[in-house]
Each structure stands twice: as structure tokens, then as C-alpha cells.
Amino acid sequence: VKADCVSPLYVINLLAANLLQIATVPIYLASFTDQRVCSWTVVYQVNVAVFEVGLLASIGFMLCISLERYLVIARPVWHHNHHSLSFVSRISLAVWGAAVLLTSIKNFYLAILFLVPLALLLIFCVSTRRALVTLSTLPPEEKKRILRTLALVLFIFIGIFAPHFVLYVITVIYNLAKVDVPQGVTDCQGVLLNIRCLHPLLDPILYFLLRTDVRESLDTVSCC
């Protein structure tokens, strides 16, 4: 990766996180159809841990992408001075490290954690939109491209992750109440896991948007 083209690193890491999750899907789906799979204690627990690491890493890199879009527009000088290969690499390693550490947190808290990234994504989107309104030097097409990138990140997060976390909360509530989880909830989990396989198909779109607007937008804004 060239030092002057480091922004796609976040998308590459996002794709890696998605592939990590997809690797766990076969065992997850098998556990829904054959309860004996759950008796493979070590294999099943490792599979769950890998899935959660990929899930949390995906959320982290979505936040990185949205924050970067905001900094390019609202803080171009800071972004230009700090957006180096080593800086992005350290941030990426920190995201992976945080994802690994957070897997030790109980599912209930992981479900609540969904609200924090959602709030941050909304803040970044609104702040970037406001900054674009006051920026007259950036061409309209570039503004639309940046907004499309943020909208896509928000769409992926809400569309793919929200149902998963809602079911997480429902499942944990039933477990805390020591009541069997309804079959309908279990069936929905299987369906959502299949839908999540489509997640990596959206990343090339995100990569394309970033690759075509990061350097051009940064150069334009820096000329202000």
C-alpha cells in the first residue's frame, strides 16, 4: 500500500472482518439444524469468539470510515498532517485489538454497545453534511459522492447489524429469565446469518467511492 493512498486500508480491514464472519457461518448454521454441534464445546466457542471479533471489527472500521469523511471536510489541515500510513495502521491495529478485548464482554453488553456506534455514525453524517453546506470550493459532484459514502456506511450498519443486535437482546432476555428461546427467534437468527453473507458484496462499492473521492476531495479542500 502506498503512503499517499492509505484511506482504502479501512475498507480492506472491513472486508477482512467480513470474511472472518463468513468463515464462521457454516458452524453457526449447522448448530441451528443439529443441536449436537453445540456439544463441540471448544470448536463452537472458538467459532462464536471469531464471529464476535469480526462483528465488532466491522463496526469499528465503519466508524473509522465515517470519521475520516468528516475530517477530510471539516478538519482538512489536521487530516493532511496526520493521515499517514503508520497512523492508519496503528488505528487499524487498535480496532482489531479492541474487538478482541470486547469479545470477553457478555452478550447483553455487546448488544447495548450497538447504540454507541449508531449515535457516532449519525453524528458524523450530520456534521459532515453541515460542513459540506458551508464549503463552496468543493464541486457538487464531490459533495454527493462523499454523502453517498456516508449514507452507504449508515445503511450497511443499520440494515445488517441492527437486526442481529435486536435478536441478541431478545435472546439474552430469555436466557436471563431462564426461559427457552422461541423457535421463531432461532429461525430468524439463521435467516440473518444468511443475509450477512451479502455484506462483503457491498464493500467493493464502498471501496470504489473512497478510492475515487479521497485524494481528489482532500486536494480540493486543502486549497481553501
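Residues numbered from 1 in each chain as written. Predicted model: local features only at pLDDT ≥ 70, side-chain atom pairs only at ≥ 80, totals over all residues. Heavy atoms only, no water.

**Student:** If you had to explain the packing of helix α6 (residues 115–133) against helix α7 (residues 140–176) to someone new, which residues and values would you point to?
**Tutor:** Contact geometry of α6 with α7 gives a least axis separation of 11 Å together with a crossing angle of 170°. By the angle class used here, α6 and α7 are roughly antiparallel. The two elements α6 and α7 cross, and the hand of that crossing is left-handed. Contacts from Pro 117, Leu 118, Leu 121, Leu 122, Phe 124, Cys 125, Thr 128, Arg 129 and Leu 132 in α6 reach Lys 143, Ile 146, Leu 147, Leu 150, Val 153, Leu 154, Phe 157 and Ile 158 in α7. Considered class by class, the residues forming the contact of α6 with α7 number 14 nonpolar, 1 polar and 2 charged. (Axes fitted to C-alpha atoms, helices over the stretch in contact; angles between N-to-C directions. Helix = DSSP H or I, 4+ residues; strand = E, 2+ residues; numbered from the N terminus. Parallel < 35°, antiparallel > 145°, perpendicular 65-115°, else oblique. Left-handed = near helix turned anticlockwise from the far one by under 90°. Contact = heavy atoms within 4.5 Å. Nonpolar A, V, L, I, M, F, W, Y, C, P; charged D, E, K, R; others polar.)

**Student:** I'd love a proper account of the nonpolar core, names of residues and values included.
**Tutor:** It is characteristic of soluble globular proteins that their nonpolar side chains tend to be buried jointly. Core analysis: the largest hydrophobic core is formed by 35 residues, its most contacted members being Met 62, Phe 157, Phe 161 and Phe 165. Mapped onto this core, the elements with two or more residues apiece are α1 (8–33), α2 (41–74), α4 (85–102), α6 and α7. In terms of nonpolar packing, the next biggest core, distinct from the first, is built from 7 residues, Ile 73, Leu 135, Leu 138 and Ile 146 among them. (Core = buried A, V, L, I, M, F, W, Y, C linked by side-chain atoms within 4.5 Å. Buried < 20%, exposed > 50% of the residue type's maximum accessible area, 1.4 Å probe, protein only.)

**Student:** So what about the pattern of salt bridges? Which residues, and what values?
**Tutor:** Overall, the coordinates contain 1 salt bridge when judged by the stated rule. Note that Arg 69 and Glu 68 form a salt bridge whose closest N and O atoms lie 3.9 Å from each other. Exposure class is identical for Arg 69 and Glu 68. Each is buried. (Salt bridge = Lys/Arg side-chain N within 4 Å of Asp/Glu carboxyl O.)

**Student:** Any details on the environment of Leu 167? Residues and values, ideally.
**Tutor:** On the secondary structure map, Leu 167 appears in helix α7. A relative accessible area of 10% places Leu 167 in the buried class. In the structure, Leu 167 is positioned 25 residues away from Leu 192 in sequence and 9.6 Å away in space, judged by C-alpha atoms. Residue contacts for Leu 167: discarding those within four places in its chain leaves Val 185, Cys 188, Gln 189 and Leu 192.

**Student:** Give me the lowdown on a nonpolar patch on the surface, citing residues and values where you can.
**Tutor:** Taken together, the side chains of Val 116, Leu 120 and Ile 123 define a hydrophobic patch exposed on the protein surface, amounting to about 240 Å² of accessible area. Judged by relative accessible area, which is 47%, Val 116 ranks as partly exposed. (Patch = residues over 30% accessible without salt bridge, like charges linked within 9 Å, V, L, I, M, F, W, Y side chains within 5 Å. Areas by Shrake-Rupley, 256 points an atom, 1.4 Å probe, with all protein chains shown as cover.)

**Student:** How would you explain the UniProt feature "transmembrane region" (unreviewed entry) in the protein if you had to name every residue and give the values?
**Tutor:** Under the UniProt annotation, the feature "transmembrane region" (unreviewed entry) is placed at residues 9–29, 49–72, 84–102, 108–128 and 149–174. Here residues 149–174 runs as 100% helix and 0% strand, with 38 Å between its end C-alpha atoms. (UniProt positions renumbered as here; feature names shortened; annotations may be inferred.)

**Student:** Run through the environment of Leu 121, naming residues and quoting values.
**Tutor:** In this fold, Leu 121 is placed in helix α6. Once the C-alpha coordinates of Leu 121 and Leu 67 are considered, the two residues, 54 residues apart in sequence, prove to be 8.1 Å apart. When sequence neighbours within four positions are dropped, the list of residues in contact with Leu 121 reads Met 62, Leu 63, Ser 66, Val 153, Leu 154 and Phe 157.

**Student:** Talk me through α4; I want residue IDs and the actual numbers.
**Tutor:** Note: α-helices contain 3.6 residues per turn, so residues at a spacing of three or four share the same orientation. With 18 residues, α4 extends 26 Å from end C-alpha to end C-alpha; this agrees with the ideal 26 Å at 1.5 Å per step. Of all the positions in α4, only Val 88, Ser 92, Val 95 and Ala 99 are classed as buried. Each buried residue of α4 sits inside an arc of 55° when the element is viewed along its axis, so together they form one side. Residues of α4 that are exposed and point over 90 degrees away from its buried face: Arg 90, Leu 93 and Leu 101. (Expected span 1.5 Å × (residues − 1). Arc of directions from axis to C-beta.)

**Student:** For the confidence of the model for the protein, give the residues involved together with the corresponding values.
**Tutor:** Summary statistics for the protein give a mean pLDDT of 75 and a share of 72% for residues scoring 70 or more. Within the protein, the lowest mean pLDDT, 55, falls on helix α9 (residues 199–222), and the highest, 89, falls on α4. Across residues 1–5, where pLDDT falls below 50, the model places 6 contacts with residues more than four positions away in sequence or in other chains. For residues 213–224, every residue scores under 50 in pLDDT, and the model assigns this stretch 30 contacts once sequence neighbours within four places are set aside. (pLDDT = per-residue confidence, 0-100.)

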